[in-house]
Amino acid sequence: MPVSNGTNGSNGATSPRPKVLIPEKVSPDGLALLSASLEVHERKGLSPEQLLEIIPDYDALIVRSETKVNAQLLNAARRLKVVARAGVGVDNVDVETATKNGIVVVNSPSGNINAAAEHTIALGLTVARIAGGLGMHLIAYDPYANTSLAAAASVTLLPDLASLLTAADFFTIHTPLIASTKGMISAPELATMKPTARILNVARGGMIDESALLDALNAGTIAGAGLDVVATPHLGASTVEAQENVSIDVCEQVLSILSGQLPRSAVNAPLILPEEYRTLQPFVSLVEKMGSLYTQHFASGARPGGSGNFRTTFDLTYEGSLASLNTTKPLFAALVKGILAPISSLDGVNVNIVNAELVAKERGILINENRSREDVEEKGYTSFVTLRARTRRASSVPSAQERGTLNRQQSSVQERGTLVRQQSSTADVRLQQEDQVIQGFVSGNLPYISRLGRFSTNISPSGTLLICRNFDSCGRIGFVGSKLGKAGVNINFMTVAPVDAPAAEEGAEVERSSEALMILGVDRPVEDEVVRSLIGDEGVLEASVVTL
Ligand SMILES: NC(=O)c1ccc[n+]([C@@H]2O[C@H](COP(=O)([O-])OP(=O)(O)OC[C@H]3O[C@@H](n4cnc5c(N)ncnc54)[C@H](O)[C@@H]3O)[C@@H](O)[C@H]2O)c1
Ligand SMILES: O=C(O)[C@H](O)COP(=O)(O)O
């Protein structure tokens, strides 16, 4: 699931239904959609301190422009999956911190814009009449505007703000309040405007330096101004229709996110088409399990290819229909989550499409996504995913920060891992250099693993698995079975994975090609002591326990 971890809370809390907090006046039309599946708490008039105190309980927060959703609030919001802004501007939300914490920020980009536009005209009407009515010639400056859309709306785009300022008779601002627009109209800009010009702002305070504007008005260097918030209360969006629109828009998105679906207007997540998302969904689960299997099986400190060798460079290759999708961000996120979840608390942060790239970067993990054109039909499935963990290239020396992160990750693996090996040998050294490969596919919406290391298999990655590498000779299965039986571990299923034919061709020595993997589904985690007792001449070469 890309945007939510689907749980109702990390503190073992009681509510079976996710909780949503609405500390401002939001139209009941949208809120009515929530009450069937969520606990809806409307709490107007909270102080920032009160909000901070109660926010850890909530899964969703719906605000307008008054609530300051700052870093302190977001960092305290341990369960929060979504901040929904019932309106357009998100300048009251610290989107960067939300992104870091994997919290989706959604808004309603068009729910109230008609009302705001009408309000602009209402404010400007008097001055517009004085200037001779509304038959205006429209000119604009917008560095990101689509020129053909502008032409279709009969708007002439000018190359810079300076040209617009000198040419405009009525100047109206419709930008978001962001670093590049803050104070964009101050004394120097006002000084270039016509003395007959009027300035309108129904967007946000902050874009115009209001004291410079007052000076210009008093000095008569511009003729007039109409400002929402100053001339009128902040009511550009306050029509019944606009409030219904934005409320329904964001409440629908809150429901989507809390049920693991994608929002349609996320400010900090990629836009993914619903049909693409449907194709991706079963692979999200597969790739997360592949990542988790990688860490638990391969990246143990006690195993050849493991100790001091938690790999951080991965190739993720998509074959078949997956290869033609526009975005595979949910798969990237699932891999980061899968790799890290077994070895890190992630400080309670949910890894998802919002923050996966940041989390990977912070931990020095590099994932190359590749799309293969190879025809997979002959393999009997429409899509395959291959995860390949590579050794670091000699040239890519980890930074001090990365080394710190890796050391912590490795020691964490050593503490938790139950992977054990029999003895060190030259074959071990070779294993340390080899790519570690996991391949999987989806059938009937369920994930399967078809290759693990050099071995070919067909297992469902779920529950607890004991994975043993052994010489493919008599007595090994009986040996393991009897040790587990004595330890009271029940075996649900068992399968033997032979060396994968292409892997053998890749040059495995004769000795190693006579090995196999014995994979047992067991009913409980196997104690380290029991795992160690499986290793030996009569038993297996190495063993790992993974829980998926
Ligand atoms: N008063 C109200 O009740 C009310 C209602 C709705 C929207 N708003 C506010 O109005 C503003 C615009 O809303 P919108 O829906 O039109 O947003 P929008 O995102 O559709 O349009 C913003 C435009 O600003 C342009 N832009 C960004 N940086 C710029 C820059 N440095 N110089 C010039 N142009 C730049 C963008 O390219 C974009 O076209 C927002 O601040 C929003 O919060 C206020
Ligand atoms: O950005 C917006 O949508 C408007 O400024 C409306 O803000 P409000 O919902 O707080 O009135």
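In case you missed it, the structure is sitting above this.
Below is a summary of the structure that appears in this document. All residue numbers here refer to positions counted from 1 along the written sequence of the relevant chain. Throughout, the order in which chains and ligands are written sets their labels, letters from A for the former and numbers from 1 for the latter. At least 70 in pLDDT is required for a residue's local features to be given in this predicted model, at least 80 for side-chain atom pairs to be given and counted, and no such filter applies to totals for whole chains, interfaces and linings, which use all residues. Side-chain measures here rest on the full set of heavy atoms in the structure, leaving out hydrogens and waters.

### What about the overall build of the protein?
How we decide: Going along the chain from the N terminus, every DSSP run of H or I of four or more residues is numbered as a helix, and every run of E of two or more is numbered as a strand. Accessibility here uses a 1.4 Å probe with only protein chains present; expressed as a share of the type maximum, an area under 20% marks a residue as buried, one over 50% as exposed, and anything in between as partly exposed. What makes two residues a contact is simply this: any of their non-hydrogen atoms within 4.5 Å. Every accessible area reported is derived by Shrake-Rupley at a probe size of 1.4 Å, with residue values counting cover from the shown protein chains alone.
Within the protein, the regular secondary structure consists of 19 helices and 21 strands. Expressed as a percentage of its 548 residues, the buried residues of the protein come to 49%. Counting contacts in the protein only where the partners sit at least 6 residues apart, residues at least 24 apart contribute 71% of the total. Taken as a whole, the protein presents about 25,200 Å² of accessible surface, with 52% of it coming from carbon and sulfur.

### Notes on the site of ligand 2
Definition in use: We call a residue near a molecule or strand when any one of its heavy atoms sits within 4 Å of it. In protein, a polar contact means a hydrogen-donor-capable atom and an acceptor-capable atom, both N or O and within 3.5 Å, with residues adjacent in sequence counting only if both atoms are side-chain atoms; elsewhere, any N or O pair within 3.5 Å suffices.
All residues adjacent to ligand 2 are Arg64, Ser65, Arg85, Ala86, Gly87, Val88, Gly89, Asn112, Arg204, His234 and Ala237. Taking Gly89, its main chain carries an N or O atom lying 2.7 Å from an oxygen atom of ligand 2. Protein chains bury 92% of the 320 Å² of accessible surface belonging to ligand 2 in isolation.

### Some remarks on the site of ligand 1
Counted only if it meets this: Three classes are used, and their members are as follows: Ala, Val, Leu, Ile, Met, Phe, Trp, Tyr, Cys and Pro are nonpolar, Asp, Glu, Lys and Arg are charged, and the others, Gly among them, are polar.
Ligand 1 sits among 22 residues. The nearest are Asp142, Thr175, Val202, Asp228 and Ala237. Between ligand 1 and Asp142, the relevant distance is 2.6 Å, taken from an oxygen atom to a side-chain nitrogen or oxygen of the residue. For ligand 1, a nitrogen atom lies 2.6 Å from a polar atom in the backbone of Val202. Protein contact buries 77% of the 860 Å² of open area that ligand 1 shows by itself. By residue class, the composition of the shell around ligand 1 is 12 nonpolar, seven polar and three charged.

### What about the packing of aromatic side chains?
Within a pair of aromatic rings, the relevant descriptors are the distance that separates the centres and the angle that separates the planes. Cut-off, in case you're wondering: Two aromatic rings from Phe, Tyr or Trp, using only the six-membered ring of Trp, form a pair when their centres are within 6.5 Å; if the ring planes differ by under 30 degrees the pair is stacked, by over 60 it is edge-to-face, and anything between is tilted.
Counting across every chain of the model gives four aromatic pairs. Between the aromatic rings of Tyr294 and Phe298, the centroid separation amounts to 6.0 Å while the plane-to-plane angle is 35°, which identifies the pairing as tilted. Linking Tyr294 with Phe298, this pair stays in helix H11 (residues 274–298), spanning four residues, or about one helical turn. On the basis of relative accessible area, Tyr294 is assigned to the buried category, the value being 1%. With a centroid separation of 5.1 Å and 85° between ring planes, the pair formed by Tyr294 and Phe314 is classed as edge-to-face. On the criterion of sequence distance, the pair formed by Tyr294 in helix H11 and Phe314 in strand E11 (residues 313–320) is long-range, its members being 20 residues apart. The exposure class of Phe314 is buried, given its relative accessible area of 0%. What links up through ring pairs into an aromatic cluster is the set Tyr294, Phe298 and Phe314.

### Quick word on the sheet that holds strand E9 (residues 198–201)
To be explicit about the condition: Paired strands, as defined in this entry, are two strands with at least two bridges between them according to DSSP. Lines fitted to C-alpha atoms define the axes here, with helix axes fitted over just the stretch in contact, and angles between the N-to-C directions of these axes take values from 0 to 180 degrees.
Reading across from one edge, E8-E9-E10 is the order of the three strands in this open sheet, with parallel pairing throughout. At either end of the open sheet lies a strand with only one pairing partner, and these are strand E8 (170–173) and strand E10 (224–227). Each adjacent strand pair in this sheet contributes to an overall mean axis angle of 15°, direction not counted. Pairing between E9 and E10: four bridges, direction parallel. Residue pairing in the sheet places Leu200 in a bridge with Gly226 of E10. Along the sheet face, helix H9 (residues 210–219) touches E9 and E10 and points at about 145° away from the line of E10.

### Re the nonpolar core
Selection criterion: As used here, the term nonpolar core means buried Ala, Val, Leu, Ile, Met, Phe, Trp, Tyr and Cys residues forming a set that is joined through side-chain atoms within 4.5 Å.
Among the nonpolar cores identified, the biggest contains 72 residues, and Ile62, Val254, Val336, Val385 and Ile438 are the most heavily contacted of them. Among the elements that make up this core, the one with the highest residue count is H11 (10 residues). Residue contacts for Ile438: discarding those within four places in its chain leaves Met290, Leu293, Tyr294, Phe298, Val385, Thr386, Leu387, Ile449, Arg451 and Leu452. With 20 residues, the next largest nonpolar core counts Ile208, Ala212, Leu213 and Leu227 among its residues.

### Looking at a nonpolar patch on the surface
Convention followed: Note on patches: the residues involved have over 30% relative accessible area and no salt bridge, like charges join within 9 Å, and the nonpolar side chains Val, Leu, Ile, Met, Phe, Trp and Tyr join within 5 Å. Between Lys or Arg on one side and Asp or Glu on the other, a salt bridge is scored when a side-chain nitrogen of the former is within 4 Å of a carboxyl oxygen of the latter.
On the surface, Ile477, Ile491, Met494 and Val496 cluster together into a nonpolar patch covering about 290 Å² of accessible area. Ranked by residues supplied to the nonpolar patch, first place goes to strand E19 (residues 491–498) with three residues. Examined against the element boundaries, Val496 turns out to sit in strand E19. On the basis of relative accessibility, which here comes to 38%, the residue Val496 falls in the partly exposed class.

### A few points about the packing of H11 against helix H12 (residues 329–340)
Quick reminder of the rule: Just so you know how the angles are binned, under 35 degrees is roughly parallel, over 145 roughly antiparallel, 65 to 115 roughly perpendicular, and the rest oblique. Should the near helix be turned counterclockwise from the far one by less than a right angle, the crossing is left-handed, whereas a clockwise turn marks it as right-handed.
Remark: H11 packs on H12, axes separated minimally by 7 Å, with the N-to-C direction vectors making an angle of 30°. With respect to their mutual orientation, H11 and H12 come out roughly parallel. Classified by chirality, the crossing of H12 by H11 is right-handed. Contact residues: H11 offers Leu280, Phe283, Val284, Val287, Glu288, Gly291, Ser292 and Thr295, while H12 offers Pro330, Leu331, Ala334, Leu335, Lys337, Gly338 and Ile339. A class-by-class count of the residues in the contact of H11 with H12 yields nine nonpolar, four polar and two charged.

### Observations regarding the sheet that holds strand E16 (residues 446–452)
Pairing in this open sheet of six strands is mixed, and the strands run E12-E11-E13-E15-E16-E17 from one edge to the other. The sheet is open, and its two edges are formed by strand E12 (366–372) and strand E17 (455–459), each paired on a single side. Taken pair by pair, the neighbouring strands of this sheet meet at an average axis angle of 20°, ignoring direction. Examined bridge by bridge, E16 and E17 share three bridges and lie antiparallel to one another. Note that in E17 the partner of Arg451 across the bridge is Ser456. Contacts from H11 reach E11, strand E13 (383–390), strand E15 (436–443) and E16 within the one sheet, and its direction differs from that of E15 by about 150°.

### Focus: the pattern of salt bridges
Per the counting criterion, the structure on display carries 16 salt bridges. Across the pair Arg451 and Asp500 runs a salt bridge whose closest N-O atoms are separated by 3.6 Å. In this pair, Arg451 is assigned in strand E16 and Asp500 in the loop between E19 and helix H17 (501–505), connecting sequence segments 49 residues apart. Of the residues examined, Asp500 reaches a relative accessible area of 12% and is grouped as buried. Within this structure, Arg454, Arg469, Glu515 and Glu542 form a network of salt bridges that share partners.

### Looking at the environment of Ile353
For Ile353, the position within the fold is in the loop between H12 and helix H13 (356–362). Taking the C-alpha atoms as reference, Ile353 lies 9.8 Å from Thr328; in sequence the two are 25 residues apart.

### Quick look at H11
To keep it simple, the criterion reads: Helix span, as expected, comes to 1.5 Å for every residue beyond the first. Bending is quantified residue by residue as the angle between axes fitted to the seven-residue window ending at that residue and the seven-residue window starting at it.
The end-to-end C-alpha separation of H11 is 35 Å, in line with the 36 Å expected for 25 residues at 1.5 Å each. Largest kink in H11: about 35°, centred on Leu280, with the proline Pro282 one to four residues after it.

### Brief notes about the pairing of strand E3 (residues 60–63)
Where burial is concerned, the two faces of E3 agree: the one with Ala60 and Ile62 and the one with Leu61 and Val63 are both buried. Looking at chain direction, strand E1 (residues 19–22) and E3 are connected through two bridges and run parallel. Along E3, the bridge assignment pairs Leu21 with Leu61. The pairing of E3 with strand E4 (residues 82–85) spans four bridges and is classified as parallel. Bridged to Ala60 within E4 is Val82.

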